Amino acid sequence: MAKKISFNVVFASDEDASFPASELNNHGPTVHGWRSAVSSGLNTHDIVLRFHQPAKIYRIQLLAHQYLIPEKVELWLHYSPKSIPSTPSSQYFDFLGFVALADNANTNYKSRELQSVTVNPRRGTHLKLRLIGAHSNQYSSNGQIALIAVNVLGEELDSAHLGNGEEQMNGEAPPVDTATGELALASICDDLLFSMYVEESVVHHIRELEQRKLRAVTTERFEYARKLKLCMTALRTAGERLGRYALAKRQAVQQEDFGAAKLRKEQIEMYRACVLKQLQVQQLLETEGYQSANDLSCDIYAGGKPSLPPAPSLQDVAQALAELSLGSKCASSSTQDDKSSTDGCSNDSVIAAVAPTAAAAALHLLAKSHDELPQSPRLHRASPSPMSSRQGSLRRRNKSAPRNSYDDYEERTIPTLRHSNTNEFLRECQGNALLEADPNRSRSRLNDRERRQAALPILVFGSELVEQFYSRQFQDREDGLVRLRNFLKEQELQLNNNEQVASPNKVARSAALLLHRAVRDAVYSVFNQATETVRVLFLEYVPGRVSPSEVARCVDRLLPELLAKSGDPSARLHTLAQHTILSIAACPAVAEQHLVAPALSRTVGSGTHQRLAMSRLQMLEQLVNTQGISTDKHSGMTCRALSDCGCSGIHHPAETVRKVAERILLLVYKVNPRLVRKQLPPDDDITRRNLLYRQLFTEFDKFDLQRKQELLVEGNTFNNLTEDTQFLHPTSSSKSAHALATASCNGKQQYNEQLKRSMLSASNSRKGSASNSESTEENTPKIRCPFCEWSCPGVDTSQLDRHYWKTCPFLTKCPQCSQVLEVAALNYHLTSECEAKESYVVCTRCTESVHKQLYELHQMEDYCRELKTGAARCPLCHDDVHLPLDGGWKLHLLSTVGCPGNIRKRNLKKSN
């Protein structure tokens, strides 16, 4: 099997002093690689490598720079175990071939190209790399080229193989892994792709574990081998993270930000110790001999891939060091108070003795937010304040060079103990330590784009407060929100005292710009502060000060973001967003303009996410309960708008959404039952087979019955009141008494008539129609159709249902959804309300609704003609119906001549 061949660079035609060729001797995340001299004028650059001992070469790997890229690299091999070539002349080397490198423009010069070349097995002692040309780009203007790493894979030759001739090896083939078809490696650590991105100490542990795995397989300890394999996989992931930390440490050293470099160093040691402890690496290596526990499956490796511990952030490390510093100060002060017990010992020795305890206490506090945090041995040392890292930023200073993935990864804001309510004292101590260490600590400055975005807030609030909103540290963003909230309260007091302040409209607009950024923050504590500030803005600052147009602008900016947050998977996030939206809706200036309810009462589609739909309907229900149903058509709280929203919600796939929509429909039904019934399918046996409609209509029936009982109770109360009035005036013959008795009698008759009409209307409201109350004077009750004047004796409403469903000539069925509706509304229904409305279009000539596939045939028909002015087109017979609509449609549909295309007219005659 092939393994890594060790070598040293013995010659380089030129090099940059900061990037010498000796960098190629090592592999790791922090290597710089070789770089040619600036403006050397050479088009060809030679690098000669000498192997530590002769070897048989199978593969050569080259890792190019991301933007300093040569056009091609030639490979030359020389074999001379006794003599060493004094010059890199080609006469001493055999040409193997060349590798062409891409210009890397498609990756925007952010990725490195790895070229792996497999060669016929050749013996060699020296390898020469000849780099020719240079790809020009915006980052490489001076003709420099670079090479990050070189890796040679093969087999080292012992003295027995040195005497064999070269010709004996020409027919050999390199060892190939039968499973993958690639070169068989003795260890995965020998591959350049592995060794360049995994931290060196982790590579060492993986090599040892790999050897242990081979021994375990040989001795048939398969459970032990499985654990070793899983541990190696987990260690590789942790090693890549440690490699990124090491790279960030090197960048901090280059920028002379030694505080950040110190924190990175402690972070690496803490995370490495925690990983080795959790993965039980020392136990798996069996450094103390055979351990039977490795052959058992009752540990972290029993469930498959082991989980890695959470990585400590820089804030965790800084917090631990701050606790160590505070503990050292406390120990020093206590030592000075009790000098008699020290017997002449110095304060340094006492601090050194107390430091481990303070570090352990700090790590114990940090472990509350993480499951387990490693104890770094370096934290036991007393050190100066570590907060100098907050002075500098981890941003790269070379803005011309492209960013790599490590910078993006490491500059993320990672919230830690800030979320914990149990660590308030610790946070306060850390804040005090920060102020003591550096009272003038600075945050990242705004760039040009951010300054243009925040021009108005900078003018109103100042640069310092705005920089806190744009800071990468979430503590700064929280502090900025607190300062903005205090600013709004102070402005309120200044306005009340008639002091000279900024315009309220500008203050509100600037605050909305900053809050728009804050409510989108991913950190919960920042979002919590942002919502509190939003409530202060609308409930305390806006009323009576900000103009209506500016209030509308602020709501339009913040409401979409809050609605998006109301559908968040986290319960505390969407609950807080709902509470904030309802608080905004409670603002008088917002309620007067109806800015929130129209956004909530929009129809809910079946594709709307469950959480978002449920949040909207819950907030709408709350608004109906608090503000009531309005008659203003622009309010979004009318009966029609609410019923439309509720009817769309009851068809949502999620049951929780349907339940809230049903409650909204019930609230509207109490005010306008006929409108709700009209928007639902007819209440018959077929519809009630659907469980959804059966439950809804059952609730409607309960409410109708309750309303009937209330009317009866009120009628009895009115009768008792009339009898009391007659009892109070039994012998009175005055005009006033006669008038009172007459009024009472008339009122009683009117109430009885109204009671009968209401009872009959309630019984027929299930079908969306009202019975004629004129027949109440007859002894035999009748039911009557309000459309065609059809009537039949009795009170069985099922007859009226059958009449609507089959014979009423004024009604018809939709050919697509089978909904019963008026003939005059069929054209509008097919293009606007029907489930198949996407398949219908309005004819531009005759204004009828036509199926898209039949549109061309329709325009060829004789009845497709221009519509006369003041007329409508019948969808059944295609004749013109003269307006007014009511009289014209009744004459067309109910007369003896009538509509020739209406088959229900014949059915009506048969039924009569």
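Details of the structure are given in the entry above.
The notes below deal with the structure included here.

Analysis parameters
Residues numbered from 1 in each chain as written. Predicted model: local features only at pLDDT ≥ 70, side-chain atom pairs only at ≥ 80, totals over all residues. Heavy atoms only, no water. Helix = DSSP H or I, 4+ residues; strand = E, 2+ residues; numbered from the N terminus. Buried < 20%, exposed > 50% of the residue type's maximum accessible area, 1.4 Å probe, protein only. Contact = heavy atoms within 4.5 Å. Areas by Shrake-Rupley, 256 points an atom, 1.4 Å probe, with all protein chains shown as cover. Axes fitted to C-alpha atoms, helices over the stretch in contact; angles between N-to-C directions. Left-handed = near helix turned anticlockwise from the far one by under 90°. Nonpolar A, V, L, I, M, F, W, Y, C, P; charged D, E, K, R; others polar. Pairing = 2+ DSSP bridges. Expected span 1.5 Å × (residues − 1). Parallel < 35°, antiparallel > 145°, perpendicular 65-115°, else oblique. Bend = angle between axes of the 7 residues up to and from the residue. Salt bridge = Lys/Arg side-chain N within 4 Å of Asp/Glu carboxyl O.

This brings us to the overall build of the chain. The number of helices and strands found in the chain is 32 helices and 16 strands. Expressed as a percentage of the 912 residues in the chain, the buried residues total 45%. In the chain, once contacts between residues fewer than 6 apart in sequence are set aside, the share between residues at least 24 apart is 66%. If you sum the accessible surface of the chain, you get close to 46300 Å²; carbon and sulfur atoms cover 50% of it.

On to the packing of helix 16 (residues 524-541) against helix 17 (residues 548-565), then. Interhelical geometry of helix 16 versus helix 17 gives an angle of 145° and a closest axis separation of 13 Å. As helix 16 runs across helix 17, the sense of the crossing is left-handed. For the pair formed by helix 16 and helix 17, the contact residues are Phe-527, Val-534 and Phe-538 on the first element and Cys-554, Val-555, Leu-558, Leu-562 and Lys-565 on the second. Each residue belonging to the contact of helix 16 with helix 17 can be placed in one class, and the counts come to seven nonpolar, no polar and one charged.

Buried residues dominate strand 4 (residues 44-64), accounting for 17 of its 21 residues. Relative to strand 4, strand 2 (residues 7-12) runs antiparallel, the two being bridged by five bridges. Of the residues in strand 4, the one forming a bridge with Phe-11 is Val-48. Here strand 4 pairs with strand 7 (residues 114-132) via 15 bridges, running antiparallel.

Spanning 18 residues, helix 21 (residues 610-627) covers 25 Å between terminal C-alpha atoms, matching the ideal 26 Å at 1.5 Å per step. Those residues of helix 21 not exposed but buried are Ala-613, Ser-615, Arg-616, Leu-617, Met-619, Leu-620, Glu-621, Leu-623 and Val-624.

Taken N-terminus to C-terminus, the directions of helix 17 and helix 18 (residues 571-585) make an angle of 150°; their axes are 8 Å apart at the nearest point. When the interaxial angle is binned, helix 17 and helix 18 end up roughly antiparallel. At the point where helix 17 passes helix 18, the crossing takes the left-handed sense. Touching Val-555, Leu-559, Leu-562, Leu-563 and Lys-565 of helix 17 are Leu-573, His-574, Ala-577, Thr-580, Ile-581 and Ile-584, all from helix 18. Across the contact of helix 17 with helix 18, the residue classes tally to eight nonpolar, two polar and one charged.

With 18 residues, helix 17 extends 25 Å between its outermost C-alpha atoms, agreeing within 8% with the 26 Å of an ideal straight helix rising 1.5 Å per residue. The axis of helix 17 is deflected most strongly, by about 30°, at Leu-558, and proline Pro-560 appears within four residues downstream. Where helix 17 is concerned, the buried positions are Glu-550, Val-551, Ala-552, Cys-554, Val-555, Leu-558, Leu-559, Leu-562, Leu-563 and Lys-565. Next to the buried residues of helix 17 lie helix 15 (504-518), helix 16, helix 18, helix 19 (588-593), helix 20 (597-600) and helix 21.

Right, let's talk about the pattern of salt bridges for a bit. This structure, assessed with the given rule, holds 25 salt bridges. With a closest N to O distance of 3.9 Å, Glu-156 and Lys-3 form a salt bridge. Here the residue Glu-156 occupies a position in strand 8 (residues 146-156), and Lys-3 occupies one in strand 1 (residues 3-4), the gap between them amounting to 153 residues. Looking at Glu-156, the relative accessible area reads 32%, which means it is partly exposed. One salt-bridge network, in which partners are shared between bridges, spans Arg-677, Asp-683, Arg-688, Asp-701, Asp-704 and Arg-707.

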